[in-house]
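Summary of the model geometry
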Amino acid sequence: MTIHRENINEIRTQFIDRISDFMSTFGVSATVGRILGIIYLNREPMTLDELSAETGMSKTRMSQVVREMLDMDMLVRVFKKGVRKDLYQLEKDHYETFITLFNSSWQKAIMRNRSFEPRLKNRLKQIKESPELSIEEEKQVDDLLEELQEWMDYHDWIRRVAEFFESGEIFNHVPINRTNETKHQDIPLLDD
């Protein structure tokens, strides 16, 4: 292996690691982030066998990770004439991938709280209706009800932000700045 090939492989690994680190911002596991980086840099759809060989993971574990990525709409199954195995490729638009990850993370949080909040509110209202409730306890319940309402308002805001992203309306307010429309122009490297 030449020194150039070693340097290229080292930079490729660093790039994959950066993608993986960035994906962790969205609650994506390091494994999913790594697979995302590998497929992205491969620039072609990959099979489970290829992904297993590239990562050193078992085919069973790779299958689980790919299923997780399919569920998160990060990967799509594609067909290529002459290839009998399933091929997987990424959503090509980074902005759509961001929106998918952003919404996936927030939708999970919203769903977890959707059933929790009303149950908690009902319990607090039942306590408040109790004739044995002291003035101090009533104040505590009122404070909790107020905090709960603020929490519910916050989750409603998150839901609306997620819808704002999902609808594409975000691009009307924060347009995509495509300064590099050609595929292989020189890209300045930034020091860490």
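Below: a short report on this structure. Small disclaimer: the values here were computed from a predicted structure and weren't measured.

**Structural notes on the packing of helix α3 (residues 48-55) against helix α4 (residues 59-71)**
At a minimum axis distance of 9 Å, the contact between α3 and α4 shows a crossing angle of 110°. For the element pair α3 / α4, the angle class is roughly perpendicular. Here α3 runs over α4; the crossing is right-handed. Residues Leu 48, Asp 49, Leu 51, Ser 52 and Thr 55 of α3 form the contact with α4, whose own contacting residues are Lys 59, Met 62, Ser 63 and Val 66. The residue inventory of the contact of α3 with α4, partitioned by class, reads four nonpolar, three polar and two charged.

**Things to note about the packing of aromatic side chains**
Within this structure, the stated rule accounts for five aromatic pairs. With a centroid separation of 6.5 Å and 20° between ring planes, the pair formed by Tyr 154 and Trp 157 is classed as stacked. With Tyr 154 and Trp 157 both in helix α6 (residues 135-166), this residue pair falls three residues apart, about one helical turn. Exposure remark for Tyr 154: the relative accessible area of 38% places this residue in the partly exposed category. With relative accessibility at 47%, the residue Trp 157 sits in the partly exposed group. Here a set of aromatic residues connected by ring pairs shows up, and it is made of Trp 151, Tyr 154 and Trp 157. Across the ring face of Tyr 40, the terminal group of Arg 43 is positioned such that the distance to the ring centre comes to 5.4 Å.

**Here's the deal with the pairing of strand β2 (residues 87-90)**
Side chains Leu 87 and Gln 89 project from β2 onto one buried face, and the interleaved Tyr 88 and Leu 90 project onto a second face that is buried too. Note that strand β1 (residues 75-78) and β2 share four bridges and pair antiparallel. Paired with Arg 77 across the two strands is Tyr 88, which belongs to β2.

**Re the nonpolar core**
Within soluble globular proteins, side chains that are nonpolar generally end up buried alongside one another. One finds Ile 35, Leu 51, Val 66, Met 69 and Leu 75 to be the most contacted residues of the largest nonpolar core, which totals 25 residues. Every element with two or more residues in this core is listed here: α1 (3-24), α2 (30-42), α3, α4 and β2. Apart from residues no more than four positions distant in its own chain, Leu 75 is found in contact with Ile 39, Val 66, Met 69, Leu 70, Tyr 88, Gln 89 and Leu 90. Counting five residues, the second largest nonpolar core, distinct from the first, contains Phe 102, Val 161, Phe 165 and Ile 170.

**Quick look at the pattern of salt bridges**
In total, this model carries 10 salt bridges according to the counting rule given. Its salt-bridge partner being Glu 54, residue Arg 12 comes within 2.9 Å of it at the nearest N-O pair. Placement of the pair is Arg 12 in helix α1 and Glu 54 in helix α3, with a sequence separation of 42 residues. Judged by its relative accessible area of 37%, Glu 54 falls in the partly exposed class.

What counts, and where the lines are drawn
Residues numbered from 1 in each chain as written. Predicted model: local features only at pLDDT ≥ 70, side-chain atom pairs only at ≥ 80, totals over all residues. Heavy atoms only, no water. Axes fitted to C-alpha atoms, helices over the stretch in contact; angles between N-to-C directions. Helix = DSSP H or I, 4+ residues; strand = E, 2+ residues; numbered from the N terminus. Parallel < 35°, antiparallel > 145°, perpendicular 65-115°, else oblique. Left-handed = near helix turned anticlockwise from the far one by under 90°. Contact = heavy atoms within 4.5 Å. Nonpolar A, V, L, I, M, F, W, Y, C, P; charged D, E, K, R; others polar. Phe/Tyr/Trp six-rings, centres within 6.5 Å; stacked < 30°, edge-to-face > 60°. Buried < 20%, exposed > 50% of the residue type's maximum accessible area, 1.4 Å probe, protein only. Lys NZ or Arg CZ within 6 Å of the ring centre and 35° of its normal. Pairing = 2+ DSSP bridges. Core = buried A, V, L, I, M, F, W, Y, C linked by side-chain atoms within 4.5 Å. Salt bridge = Lys/Arg side-chain N within 4 Å of Asp/Glu carboxyl O.

Nothing here speaks to function; it is geometry throughout.
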